[in-house]
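Residues per chain are reported as follows:
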Amino acid sequence: LAINLAPMTISGEEDPGLLLVLQDVSAIRRLESMRSEFVANVSHELKTPVAAVKGFAETLLAGAMNDPETARSFLTIIQDESDRLNRLIGDILELSKIESRRAPLQFSPIELPVFLSRMNEILTAEAAKKNIVLDVQAEEELFLEADEDRLGQIIMNLMQNGINYTPEGGKVKVRAEIVAAEDGEEERVRITVSDTGIGIPKKDIPRIFERFYRVDKARSRSSGGTGLGLSIVKHLAELHHGSIRVESTVGVGSKFILELPLLQP
Ligand code: ADP
């Protein structure tokens, strides 16, 4: 609680009196501590790849360069870690742009069957590397009002996670359908992305949309994850006046359920 006391002057009054302001600042404090926690996390996340790049470069200069095979493997690590840094910086900038509302959404009608089959095409080669089948279907002539690039980011992130967290030979399924209006709710579009992957433990489910939260850090790293994908997805869903949730069973698979208004309010 912040308490401010100030003399009050009212013109024409003999006795000006005092103004007492009581302000509940717990929300502001909470925001401040979240912000400084984020900065600490960002620094930590950035330091890891930088340390790897520096370490391997130093080792190369100290002599490892003379053995071509070692040199090649160290340079590959340097390249991978630089890519990782790039992805991290990209995601951090993206998140900050979304959070500060500096990038207003550009809504336009999107034909979902066409749009989703494009997502399918983009990811087919990557899925094939793991022998994963992509199965994408939308109701015919289903149109939705959304920001096309942002919706693409949402769906790509969810499908990419599906591929990342599903073992060889699995399946990632995308479905789009209309949900009828009921008890005061608007008619909306539901897009589900489900996989036959490793699943998410119950205790982690409430936290996976948090920035940098990962169930298994090593696994996320090895699949090239930044830990920011789902928090970007959640923000973008909310900017579209929609929602995102997940149902998952360890060892069976996960299902991400995105719901968006058919027409933007
Ligand atoms: P990351 O870059 O680590 O994938 P995300 O924000 O996209 O970050 O996801 C956060 C965490 O949620 C992941 O590290 C992973 O533990 C879990 N996760 C996300 N999608 C899935 C999925 N389809 N199956 C299992 N776990 C998932």
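Above this text sits the structure in question.
To keep things clear, this report deals only with the structure shown in the data block. (Residues numbered from 1 in each chain as written. Predicted model: local features only at pLDDT ≥ 70, side-chain atom pairs only at ≥ 80, totals over all residues. Heavy atoms only, no water.)

## With respect to the packing of aromatic side chains
Counted under the stated rule, the structure contains three aromatic pairs. Between the aromatic rings of F38 and F212, the centroid separation amounts to 5.9 Å while the plane-to-plane angle is 25°, which identifies the pairing as stacked. Taken together, the positions of F38 in helix α1 (residues 26-61) and F212 in the loop between β7 (188-195) and α5 (217-222) put the pair 174 residues apart, joining distant regions of the chain. Centroid distance F209 to F256: 6.3 Å. Interplanar angle 80°. Geometry classified as edge-to-face. Here F209, found in the loop between β7 and α5, pairs with F256, found in strand β9 (residues 253-261); they are 47 residues apart in sequence, far enough to count as distant. Residue F209 is classed as buried on the basis of its relative accessible area of 14%. Taking the relative accessible area as the measure of exposure, F256 reaches 6% and is therefore buried. Its guanidinium or amino end placed over the ring of F38, R211 lies 4.2 Å from that ring's centre, counting from NZ or CZ. (Phe/Tyr/Trp six-rings, centres within 6.5 Å; stacked < 30°, edge-to-face > 60°. Helix = DSSP H or I, 4+ residues; strand = E, 2+ residues; numbered from the N terminus. Buried < 20%, exposed > 50% of the residue type's maximum accessible area, 1.4 Å probe, protein only. Lys NZ or Arg CZ within 6 Å of the ring centre and 35° of its normal.)

## Let's talk about a nonpolar patch on the surface
Residues L1, I3, L5, L18, L20 and L22 make up a contiguous nonpolar surface patch of roughly 710 Å² in combined accessible area. Among the secondary structure elements, those contributing two or more residues to the nonpolar patch are β1 (2-7) and β2 (18-23). Looking at the nonpolar patch, the element that brings in the most residues is β2, giving three residues. In this structure, L1 sits in the segment before β1. (Patch = residues over 30% accessible without salt bridge, like charges linked within 9 Å, V, L, I, M, F, W, Y side chains within 5 Å. Areas by Shrake-Rupley, 256 points an atom, 1.4 Å probe, with all protein chains shown as cover. Salt bridge = Lys/Arg side-chain N within 4 Å of Asp/Glu carboxyl O.)

## Examining helix α6 (residues 229-239)
Helical periodicity: at 3.6 residues per turn, an α-helix aligns residues three or four positions apart in one direction. With eight of its eleven residues buried, α6 lies for the most part within the structure. Here α6 has its buried residues at G229, L230, S231, I232, V233, L236, A237 and L239. Check the buried side of α6 and you find it contacts α2 (68-99), β3 (107-111), α4 (148-164), β8 (243-249) and β9. Remark: H241 follows α6 within two positions and exhibits a positive phi of approximately 60°. (Contact = heavy atoms within 4.5 Å.)

## A word on the sheet that holds β9
Adjacent strands of a sheet pair through backbone hydrogen bonds, lying either parallel or antiparallel. The sheet built from five strands is open, its strands ordered β4-β6-β7-β9-β8 with mixed pairing. Because the sheet does not close on itself, it has two edges, and the strands there are β4 (133-138) and β8. Direction aside, the axes of adjacent strands within the sheet are offset by 15° on average. The sheet strands contacting α4 are β4, β6 (171-179), β7, β8 and β9, and the helix crosses β9 at an angle near 170°. Contacts between α6 and the sheet are confined to β8 and β9, with β8 contributing the most and set at about 140° to the helix. (Pairing = 2+ DSSP bridges. Axes fitted to C-alpha atoms, helices over the stretch in contact; angles between N-to-C directions.)

## Remarks on the pairing of β9
By the criterion of burial, β9 is predominantly enclosed, with eight of the nine residues buried. Across seven bridges, the pairing between β8 and β9 is antiparallel. Its bridge partner lying in β9, R245 is registered against I257. A loop of three residues connects β8 with β9, the two strands running antiparallel in sequence, and G251 in this loop sits at a positive phi of about 80°.

Purely geometric numbers; function is a separate question.
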